[in-house]
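What follows is the residue order along each chain.
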Amino acid sequence: GSWPQVNVPLRESGDTSPRGARAEGGLRRHTMTGEEGQLARVSNWPLYYLFCFGAELGNELFYILFFPFWIWNLDPLVGRRLVVIWVLVMYLGQCTKDIIRWPRPASPPVVKLEVFYNSEYSMPSTHAMSGTAIPISMVLLTYGRWQYPLIYGLILIPCWCSLVCLSRIYMGMHSILDIIAGFLYTILILAVFYPFVDLIDNFNQTHKYAPLIIIGLHLALGIFSFTLDTWSTSRGDTAEILGSGAGIACGSHVTYKMGLVLDPSLDTLPLAGPPITMTLFGKAILRILIGMVFVLVVRDIMKKITIPLACKIANIPCDDIRKARQHMEVELPYRYITYGMVGFSITFFVPYIFFFIGIS
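- Looking up the protein chain in an unreviewed UniProt entry gives the name Sphingosine-1-phosphate phosphatase 1, with the organism given as Aotus nancymaae.
- What UniProt states about the protein chain under its Subcellular location (unreviewed entry) heading is, verbatim, "Endoplasmic reticulum membrane".
- Recorded in UniProt for the protein chain, the comment headed Sequence similarities (unreviewed entry) runs: "Belongs to the type 2 lipid phosphate phosphatase family."

1. Brief notes about the overall build of the protein chain
Inference 1: A count of helical and extended segments in the protein chain gives 13 helices and zero strands.
Inference 2: Listed by position from the N terminus, the elements making up the protein chain come as α-α-α-α-α-α-α-α-α-α-α-α-α.
Inference 3: Relative to its 360 residues, the protein chain shows a buried fraction of 50%.
Inference 4: Of the contacts formed within the protein chain by residues at least 6 apart in sequence, a portion of 79% connects residues at least 24 apart.
Inference 5: Of the roughly 17200 Å² of accessible surface on the protein chain, a fraction of 71% belongs to carbon and sulfur atoms.

2. Brief notes about the packing of helix H2 (residues 45–56) against helix H6 (residues 150–170)
Inference 1: The N-to-C vectors of H2 and H6 enclose an angle of 115°; their axes lie 8 Å apart at closest approach. With respect to H6, the element H2 is oriented roughly perpendicular. Classified by chirality, the crossing of H6 by H2 is left-handed. Where H2 approaches H6, its residues Leu47, Tyr48, Leu50, Phe51, Phe53, Gly54 and Ala55 are matched on the opposing element by Leu163, Val164, Leu166, Ser167, Arg168 and Tyr170.

3. Side note on the packing of aromatic side chains
Inference 1: What the rule picks out here adds up to 18 aromatic pairs.
Inference 2: For the ring pair Phe294 and Phe349, a centre distance of 6.3 Å and an interplane angle of 55° mean the geometry is tilted. In this pair, Phe294 sits in helix H11 (residues 278–314) while Phe349 sits in helix H13 (residues 328–357), placing the two residues 55 residues apart along the sequence.
Inference 3: Here the aromatic cluster, defined as three or more aromatic residues joined through ring pairs, consists of Phe62, Tyr63, Phe66, Phe67, Trp86 and Trp160.

4. Considering unusual backbone geometry
Inference 1: A positive phi angle is found at Asn315, which is not glycine, with a value near 60°.
Inference 2: For Asn315, the location among the structural elements is in the loop between H11 and helix H12 (321–324).
Inference 3: The exposure class assigned to Asn315 is exposed, which follows from its relative accessible area of 70%.

5. Points about the UniProt feature "transmembrane region" (unreviewed entry) in the protein chain
Inference 1: Mapped onto the present numbering, the UniProt feature "transmembrane region" (unreviewed entry) falls on residues 47–71, 83–102, 150–170, 176–197, 209–228, 276–298 and 336–359.
Inference 2: Strand forms 0% of residues 176–197 and helix 86%; the C-alpha atoms that close the span are 30 Å apart.

6. Considerations on the packing of helix H3 (residues 60–74) against helix H5 (residues 126–142)
Inference 1: Where H3 contacts H5, the axes come no closer than 14 Å and their chain directions differ by 5°. Between H3 and H5, the angle falls in the class roughly parallel. Between H3 and H5, the residues in contact are Phe62, Tyr63, Phe66, Phe67 and Trp70 and Ser130, Ile134, Met138 and Thr142, respectively.
Inference 2: When grouped by side-chain class, the residues that make up the contact of H3 with H5 number seven nonpolar, two polar and no charged.

7. Re a nonpolar patch on the surface
Inference 1: The grouping of Leu166, Ile169, Ile176, Ile180, Phe183, Leu184 and Ile187 at the surface amounts to a nonpolar patch, some 600 Å² of accessible area in total.
Inference 2: Mapped by element, the contributors of at least two residues to the nonpolar patch are H6 and helix H7 (176–193).
Inference 3: If one sorts the elements of the nonpolar patch by residue count, H7 sits on top with five residues.
Inference 4: Checked against the element boundaries, Leu184 lands in helix H7.

8. As for the pattern of salt bridges
Inference 1: Considering all chains together, one arrives at nine salt bridges under this definition.
Inference 2: Of the charged contacts, one joins Asp201 and Arg80 as a salt bridge, the two residues approaching to 2.9 Å between their closest N and O atoms. Here Asp201 is found in helix H8 (residues 197–206), whereas its partner Arg80 is found in helix H4 (residues 76–100), with 121 residues between them in sequence.
Inference 3: Among the residues examined, Arg80 registers a relative accessible area of 5% and is labelled buried.
Inference 4: In this structure, the salt-bridge partner of Asp237 is Arg335, at a minimum N-O distance of 3.8 Å. Linking Asp237 in helix H10 (residues 233–258) with Arg335 in helix H13, this pair joins segments that are 98 residues apart in sequence.
Inference 5: On the accessibility criterion, Asp237 (11% relative accessible area) is buried.
Inference 6: For Arg335, a relative accessible area of 6% corresponds to the buried category.
Inference 7: Each of the salt bridges in this network shares a partner with another, and the network as a whole consists of Arg80, Arg81, Asp198 and Asp201.

Reading guide: rules and limits
Residues numbered from 1 in each chain as written. Predicted model: local features only at pLDDT ≥ 70, side-chain atom pairs only at ≥ 80, totals over all residues. Heavy atoms only, no water. UniProt positions renumbered as here; feature names shortened; annotations may be inferred. Helix = DSSP H or I, 4+ residues; strand = E, 2+ residues; numbered from the N terminus. Buried < 20%, exposed > 50% of the residue type's maximum accessible area, 1.4 Å probe, protein only. Contact = heavy atoms within 4.5 Å. Areas by Shrake-Rupley, 256 points an atom, 1.4 Å probe, with all protein chains shown as cover. Axes fitted to C-alpha atoms, helices over the stretch in contact; angles between N-to-C directions. Parallel < 35°, antiparallel > 145°, perpendicular 65-115°, else oblique. Left-handed = near helix turned anticlockwise from the far one by under 90°. Phe/Tyr/Trp six-rings, centres within 6.5 Å; stacked < 30°, edge-to-face > 60°. Nonpolar A, V, L, I, M, F, W, Y, C, P; charged D, E, K, R; others polar. Patch = residues over 30% accessible without salt bridge, like charges linked within 9 Å, V, L, I, M, F, W, Y side chains within 5 Å. Salt bridge = Lys/Arg side-chain N within 4 Å of Asp/Glu carboxyl O.

Here it is in structure tokens:
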């Protein structure tokens, strides 16, 4: 449940100012592994911050803002289907890492500017997979559904994809081979599974027993992934991804049954974007603020409940949370239940609040 940690950039060569000295003491520590980022001299600050931003496009902070923004403010159907694709791509990527078991690039000679994912294996790059799948899927899902020039999408895809992919090499976390493999693997996954996304989304919303099947399938996939290898941050990330996907799918089922969010009929397509007014902008900001506060409160409450409860049930000492979470009996239920509730909040509780206070 920790935010991604990136080390603070150090002073340039020859900088002996107090500011530089403070930077040396500001290296962030990974809360689960205790690792720290390496000392490095940054000579090109704009490039450094550009690639820090690119790396964040594959981290939890981005996901917890990006998917709700689509679901609450833009297009719930596109948001739900982006989540389906993201869960599939990331799950297959994480499992493939644990099967191939290629180590991260050696350091030295590589300087690692990030440590959060250092305990995971390297091949393929799941950042590259996410950075490829999301922009391509956005264009596939929106073109023809919304009115906009295709050239915008064709510009977005290579810009987004290259920024995320190159950031992983710059940060010292992946080789070029990892990046290429992640990109090609994603193209293969999309080619095979994208035609079924519409069917999966309709099933999640309309089938009578969809919630039971969704929860059972995602939980089984999580248990399987935990058996592939010893502990690493990838196991928790996998459970988090599966829990989020299950929660969002179950929430969309309940929302559909209650008629809270209705997708536009096919005869109204392609949709035209509404004129941007202060009222529209204000409501969008209000939805994000209210929604994110609620989601983060739910996440914090569930974390405080599930970890001690899982420790008690599994008879594992809870005095050292970091060690306790390295047990599957704690990490899997904690991540799965906590982020399942986060996902359910995104597609059901928060839209219900919006409906109740009149900002739907």
